[in-house]
Amino acid sequence: GRERVRGLRTAAMPLQELSILLARCGEELAEGSATTFKLAVVGSSRALDPIVLDEMYRIGREALLNAFRHSMASRIEIEITYDRAGLQLRIRDDGRGIDQETLESGMPGHWGLSGMRERAQKLGGQLGFWSRPGAGTEVDLTIPARLAYTRRLLPSRSYWLKRMVARRRNR
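All of these numbers come straight from a predicted model, not from anything done at the bench.

Secondary structure summary: the chain contains seven helices and five strands in total. Mapped in sequence order, the helices and strands of the chain form the string α-α-β-α-β-β-α-α-β-β-α-α. Split into buried and exposed, the 171 residues of the chain put 38% on the buried side. Counted over contacts in the chain with a minimum sequence separation of 6, partners at least 24 positions apart contribute 71%. Here the chain displays about 10900 Å² of accessible surface, and carbon together with sulfur accounts for 51% of that area.

Attention now goes to the pattern of salt bridges. Using the criterion set out here, one finds 11 salt bridges in the structure. For Glu55, the salt bridge goes to Arg119, with nearest N and O atoms at 2.5 Å. Taken together, the residues span a long stretch of sequence, with Glu55 in helix 3 (residues 50–70) and Arg119 in helix 5 (residues 112–123) at a distance of 64 residues. Looking at Glu55, the relative accessible area reads 2%, which means it is buried. For Asp94, the salt bridge identified is with Arg75, shortest N-O distance 3.9 Å. Taken as a pair, Asp94 in the loop between strand 3 (86–93) and helix 4 (100–105) and Arg75 in strand 2 (residues 75–82) lie far apart in primary sequence, 19 residues in all. According to the relative accessible area criterion, Asp94 is partly exposed, its value standing at 28%.

Attention now goes to the pairing of strand 2. Among the eight residues that make up strand 2, seven are buried, leaving the element largely enclosed by the rest of the structure. As judged from the seven bridges shared by strand 1 (residues 36–42) and strand 2, these two strands associate in the parallel manner. Paired with Leu39 across the bridge in strand 2 is Ile78. The parallel pair strand 1 and strand 2 is bridged by helix 3, and the resulting crossover is left-handed.

For the rest of this paragraph, the subject is the side chain of Thr137. Mapping Thr137 onto the fold places it in strand 5 (residues 137–144). Of the polar contacts made by the side chain of Thr137, one reaches the side chain of Ser131; its length is 2.9 Å. Once you skip the residues sitting within four places of it in the chain, Thr137 turns out to touch Ile91, Arg92, Asp93, Gly97, Ile98, Trp130 and Ser131.

So, on to the nonpolar core. Counting 34 residues, the largest nonpolar core has Leu18, Met56 and Leu64 as its most contacted members. Elements that contribute at least two residues to this core include exactly helix 2 (18–30), helix 3, strand 2, strand 3, helix 5, strand 5 and helix 6 (145–148). Looking at this core element by element, the count peaks at nine residues for helix 3. Apart from the residues within four sequence positions on either side, Met56 is in contact with Leu18, Leu87, Leu89, Leu123, Leu141 and Ile143.

This next bit is on helix 5. Here helix 5 contains 12 residues, and its C-alpha end-to-end distance of 17 Å stays within 8% of the 16 Å for a straight helix at 1.5 Å per residue. Taken together, the buried positions of helix 5 are occupied by Gly112, Leu113, Gly115, Met116, Arg119, Ala120 and Leu123. For helix 5, the angular spread of buried residues about the axis comes to 160°, placing them on one side. Gly124 sits one or two residues past helix 5 and shows a positive phi near 80°.

Turning to the environment of Arg75, a few remarks are in order. Judged by its relative accessible area of 40%, Arg75 falls in the partly exposed class. The sequence separation of Arg75 and Gly136 amounts to 61 residues, and the corresponding C-alpha distance is 9.7 Å. Ignoring any residue separated from it by four or fewer positions in sequence, one finds Arg75 in contact with Thr35, Thr36, Arg92, Asp93 and Asp94. Polar contacts involving the side chain of Arg75 include one to the side chain of Glu77, which spans 2.9 Å.

Reading the values: rules and limits
Residues numbered from 1 in each chain as written. Predicted model: local features only at pLDDT ≥ 70, side-chain atom pairs only at ≥ 80, totals over all residues. Heavy atoms only, no water. Helix = DSSP H or I, 4+ residues; strand = E, 2+ residues; numbered from the N terminus. Buried < 20%, exposed > 50% of the residue type's maximum accessible area, 1.4 Å probe, protein only. Contact = heavy atoms within 4.5 Å. Areas by Shrake-Rupley, 256 points an atom, 1.4 Å probe, with all protein chains shown as cover. Salt bridge = Lys/Arg side-chain N within 4 Å of Asp/Glu carboxyl O. Pairing = 2+ DSSP bridges. Right-handed = clockwise from strand over helix to strand, strands pointing away. Polar contact = N/O pair within 3.5 Å; in protein donor to acceptor, adjacent residues only side chain to side chain. Core = buried A, V, L, I, M, F, W, Y, C linked by side-chain atoms within 4.5 Å. Expected span 1.5 Å × (residues − 1). Arc of directions from axis to C-beta.

That's the geometry; what it means functionally is another story.
What follows is the structure, encoded as structure tokens:
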């Protein structure tokens with residue numbers, strides 16, 4: 001239990017693309033399983049803030065672990081959407097679903113759902129769960145663009161053009 005709680009506050013992982021990290025995780029979990037796994041990316045992938053990348057990966061990984069361990073699903077899917085408003089991570093399965101009481105308070109002695117909520121709150125994102133017994137489960141995480149995407153670290157093209165023009169004038 002302590003290891004899982006400590007995991008909520010671990011150092012950031014090496015920078016990679018969220019879709020690659022989650023695809024690798026899902027493919028490993030699907031190995032030797034009758035469950036099919038699929039990942040789709042909507043929009044053009046953008047560089048993420050390193051903390052957002054780390055925390056979103058950990059939320060996605062926990063959702064995948066739960067789906068593969070508990071849902072008895074035949075299909076588990078991830079959809080990552082990059083758009084101007086923000087970044088959305090959606091994980092869904094066609095499994096047996098989760099009862100409302102477990103969705104609201106988690107399972108006694110387990111920290112998965114509460115840990116996911118804590119991470120989402122830490123990011124300033126919105127985390128939602130949808131599930132009905134026998135109808136599968138969907139986990140939906142949305143992070144606003146201003147928090148999710150890295151800011152330009154290099155000066156813009158107009159900055160360089162202005163400098164070149166100023167330099168020519170000074171000659």
